[in-house]
Amino acid sequence: MDETRNVKIQVKGVSKVFGKNPKSALELRDQGLKRPEILEKTGQTLGLSNISFDVYEGELLVIMGLSGSGKSTLIRCLNRLIDISDGDIIIDDEHIPSLSVKELLECRRRHFSMVFQNFALFPHKTVLQNAQFGLEIRGIAPAERDKTAREALTQVGLDGWEDAYPNQLSGGMQQRVGLARALANDASVLLMDEAFSALDPLIRKEMQEELLQLQSRMQKTTVFITHDLDEALNIGDRIVLLKDGEVVQIGTPEQILTQPADDYVRRFIEGVDRSRILTAESAMRPVRTTARNGDGPRTALHRMRENSVDSIYVTDRDRHLQGLLEAEEASRAVDAGADTISDYLTQDFRTVTRDEPLQNLFAMFSEKSFPIAVVDDEKRLLGVVVKGAVLDELARAGDQ
Amino acid sequence: MEIQSIPLGDWIEGGLTWLTTEYSVVTRAISRVTQTGIEGLNAGLMWLPVWGLLALVALLCWKAASPRLAIGAAAGMALIWNLGLWDPMIETLTLVVIATLVAVVIAIPVGILAALSNRLYRVIMPVLDFMQTMPAFVYLIPAIPFFGIGSVSAIFATVIFSMPPAIRFTTLGIRQVPVELIEAADAYGANRRQKLIKVQLPLSLPTVMAGINQTIMLALSMVVIAAMIGADGLGSEVWRAIQRLRPGDGFEAGIAVVILAMILDRLTQSLTKSRR
Ligand SMILES: Nc1ncnc2c1ncn2[C@@H]1O[C@H](COP(=O)(O)OP(=O)(O)OP(=O)(O)O)[C@@H](O)[C@H]1O
Ligand SMILES: [Mg+2]
């Protein structure tokens, strides 16, 4: 992740005690007691303990943890559906805990949309009216909110269902309505509490893909909760791992997988850890197109365009890997009137053999993120591995 | 040794006397308004020809419920007319309608407040229990010093007697709205008024309607009893039959009450169901 990204939300030392006397519980916490002891001594539950992290503008941050780890509590603290006991939460430069009731309503309207595990659609409202809800609350004119809500429904693929009632829809469709309600609202942050957990696996996968597409289109700051590692790896830019109300690790999917902070994380990714026996071959895809080193630059460019890629591996007759040609370089070659591309190749890419452990591949994806070339002993090109495929492969291993 | 009985009755009487003298201006104003309302509605319903009202009710039943109810209602009302009880039936209906309107207008806001405030809830629920377990006749007694003998007293007693279910069901309906939906409304920044109007009230409507249905039924039973303090209508037909020892007349009037009750009940029930 780029260090210069703007911070959207700062969570600073947040604790939440469910009970009448949070101070006493926090004091015990400071003496080093854990959740069960505090519960026994004070009858209060330490829901969250000293949580700190940032959410960057436009990122999709996943909060992951087992049941009871405090995920729902944490996400509800962000928009103050739950009041925190200690710490501070800052969005842009508003301090959420110190907002007045009126300011809080204003802040929720401007900043937060929310999607719920059990959908929480209004049964007495049509799909369209549900999608309009946030706008209605904000007092947007009927014509405008109608238009915006219809667009949102189109985005989630629900045209034609505007006048249906939620109980006429399948679970997957209901959650699309929930998503449309959130998107139509156009708040600056999207909060999703186990939004896909109630859906069956196929629909769930589909919704994940859709969310990713929406995300790449809209770059909306999203906090997504799940207890499912597969889901977290699949969609998260970064993952915050919670355990018993505490943060155990924050990092990219790769960091979590390759450098688990402790045994808890390790156990969490245990299934996935079979990646040690997974190799580059399992994630390898056939090369869609290559160029020969004798090809002219126009031919190479044409192939790139045909396959919508912006770089291409170059081999000789016997598929021995010669180098990589970037589209820019190819254009330069055309401008220079070069006959062949052989002088314009770069060696700035990574090659692995087919039995390289999959885990090691993460580190190899450089900023430009060329596909990694998989070659045999004689440097013949066998296939390529793209970043997404590695995660997919690992996640699938985690499933088994 | 003799135990002195507590002069509870004296206290209550004293209180009532004080109230009636102190607030006679208010009671007289209420009396006048209510009387005007009763007379107006009564005159309106009487002005309609028998077949006109009959057709109107049948149409309403048809639209709101079923052709079956429409036919039944028409037949029942024709029977009442045939028995010569049309005018008393109209008088009873008038009292029921006005008492229900007043009761509902008071009950729904009170029910909403009790649903939203735990403290009020704790105060109101025992009061409702008290109101509902107190024998119905007892309300007739204080009505007289306030409003004298007649229809206004009947309305007063009926409103008090029939209000509790409307309050209770309104409170229940609002409290039953799933917390997730309240949370969703909160999450999108709804204020209390928006939450109430856009979420809580629409979702509690069926329950509220069930309460209103009960209120109507109680109002009907009380209006009949209120014949004892001079309310006109089917009740006074029964009352007269008792005094003259004519059971046949009494039963005829009783059957008219049953028919009216069934029409009102089915009609309000189907109004509840036809809403989503
Ligand atoms: N209102 C409450 N009062 C008391 N304890 C609570 C309350 N809400 C949550 N808790 C406790 O706080 C802890 C964290 O709960 P939370 O719902 O945040 O977990 P979660 O990670 O979302 O779990 P799940 O995956 O089951 O949804 C649990 O031990 C729970 O029992
Ligand atoms: Mg949860």
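Residues numbered from 1 in each chain as written. Chains lettered and ligands numbered in written order. Predicted model: local features only at pLDDT ≥ 70, side-chain atom pairs only at ≥ 80, totals over all residues. Heavy atoms only, no water.

Chain B carries the name Glycine betaine/proline transport system permease protein in an unreviewed UniProt entry, which gives Vreelandella arcis as its organism. Per UniProt, chain B has the following entry under Subcellular location (unreviewed entry): "Cell membrane". (UniProt positions renumbered as here; feature names shortened; annotations may be inferred.)

You'll find chain A entered in an unreviewed UniProt entry as Quaternary amine transport ATP-binding protein, with Vreelandella arcis given as the organism. Quoted verbatim from the Sequence similarities (unreviewed entry) field of the UniProt record, the comment on chain A reads "Belongs to the ABC transporter superfamily."

**Student:** How do you make sense of the sheet that holds strand β14 (residues 351–353) of chain A when you look at a structure like this?
**Tutor:** Within a sheet, adjacent strands bond to each other through the backbone by hydrogen bonds, running parallel or antiparallel. All names here are of chain A. If you trace the three strands from one edge of the open sheet to the other, you get β14-β15-β16, paired in mixed fashion. Only two strands of the sheet have a single partner each, and these edge strands are β14 and β16 (381–385). Shown here is a sheet whose adjacent strand axes are inclined to one another by a mean of 35 degrees, direction ignored. Judged from the three bridges that link them, β14 and strand β15 (residues 372–375) form a sheet pairing that is parallel. Pairing of T353 across the sheet is with V375, part of β15. (Pairing = 2+ DSSP bridges. Helix = DSSP H or I, 4+ residues; strand = E, 2+ residues; numbered from the N terminus. Axes fitted to C-alpha atoms, helices over the stretch in contact; angles between N-to-C directions.)

**Student:** Would you mind showing me how to read the pattern of salt bridges here?
**Tutor:** As enumerated under the stated definition, the model contains 29 salt bridges over all chains in all. In this structure, D146 of chain A and R150 of chain A form a salt bridge, with 2.8 Å as the shortest nitrogen-oxygen distance. Pair noted here: D146 of chain A and R150 of chain A are both in helix α6 (residues 142–155), with a separation of four residues, about one helical turn. By relative accessible area, which is 34% here, R150 of chain A ends up partly exposed. When the shortest N-O distance is used, the salt bridge between E378 of chain A and R380 of chain A registers 3.3 Å. On the basis of relative accessibility, which here comes to 48%, the residue E378 of chain A falls in the partly exposed class. Among the ionic contacts, a cluster of salt bridges with common partners joins R76 and D193 of chain A together with E183 of chain B. (Salt bridge = Lys/Arg side-chain N within 4 Å of Asp/Glu carboxyl O. Buried < 20%, exposed > 50% of the residue type's maximum accessible area, 1.4 Å probe, protein only.)

**Student:** For this particular structure, what's the right way to read the site of ligand 1?
**Tutor:** All names here are of chain A. Around ligand 1 sit F18, R35, T45, L66, S67, G68, S69, G70, K71, S72, T73 and E194, and those are all the residues in its vicinity. Between ligand 1 and S69, the relevant distance is 3.3 Å, taken from an oxygen atom to a main-chain nitrogen or oxygen of the residue. Separating an oxygen atom of ligand 1 from a backbone N or O atom of G70 is a distance of 3.0 Å. Notes on ligand 1: free accessible area 630 Å², of which the protein chains cover 60%. Along the lines of polarity and charge, the residues of the shell around ligand 1 split into two nonpolar, seven polar and three charged. (Near = heavy atom within 4 Å. Polar contact = N/O pair within 3.5 Å; in protein donor to acceptor, adjacent residues only side chain to side chain. Areas by Shrake-Rupley, 256 points an atom, 1.4 Å probe, with all protein chains shown as cover. Nonpolar A, V, L, I, M, F, W, Y, C, P; charged D, E, K, R; others polar.)

**Student:** For this particular structure, what's the right way to read the UniProt feature "domain: ABC transmembrane type-1" (unreviewed entry) in chain B?
**Tutor:** Following the UniProt record, one finds the feature "domain: ABC transmembrane type-1" (unreviewed entry) at residues 89–268 of chain B. Counting secondary structure, residues 89–268 of chain B comes out at 84% helix and 0% strand; the distance between its end C-alpha atoms is 18 Å.

**Student:** Got a minute to help me understand the UniProt feature "domain: CBS" (unreviewed entry) in chain A in this structure?
**Tutor:** According to UniProt, the feature "domain: CBS" (unreviewed entry) maps to residues 284–340 and 345–400 of chain A in the numbering used here. The distance from the first to the last C-alpha atom of residues 284–340 of chain A is 29 Å, and the span holds 35% helix and 25% strand.

**Student:** What exactly am I supposed to notice about the packing of aromatic side chains here?
**Tutor:** The geometry of an aromatic ring pair is captured by the separation of the ring centres together with the interplanar angle, meaning the angle of the planes. What the rule picks out here adds up to eight aromatic pairs over all chains. Judged by centre distance (4.5 Å) and plane angle (45 degrees), the ring pair of F122 of chain A and F133 of chain A falls under tilted. Taken together, the positions of F122 of chain A in the loop between β6 (112–115) and α5 (127–137) and F133 of chain A in helix α5 put the pair eleven residues apart, joining distant regions of the chain. We note that F122 of chain A, like F133 of chain A, is buried. Note on F147 of chain B and F156 of chain B: the rings are 5.1 Å apart at their centroids and 55 degrees apart in plane angle, and the pair reads as tilted. Its relative accessible area of 13% is what places F147 of chain B among the buried residues. Cluster of aromatic residues (ring-pair linked, three or more members): F122 and F133 of chain A together with Y188 of chain B. The lysine or arginine in question, R175 of chain B, covers the ring of Y121 of chain B, its NZ or CZ lying 4.0 Å from the ring centre. (Phe/Tyr/Trp six-rings, centres within 6.5 Å; stacked < 30°, edge-to-face > 60°. Lys NZ or Arg CZ within 6 Å of the ring centre and 35° of its normal.)

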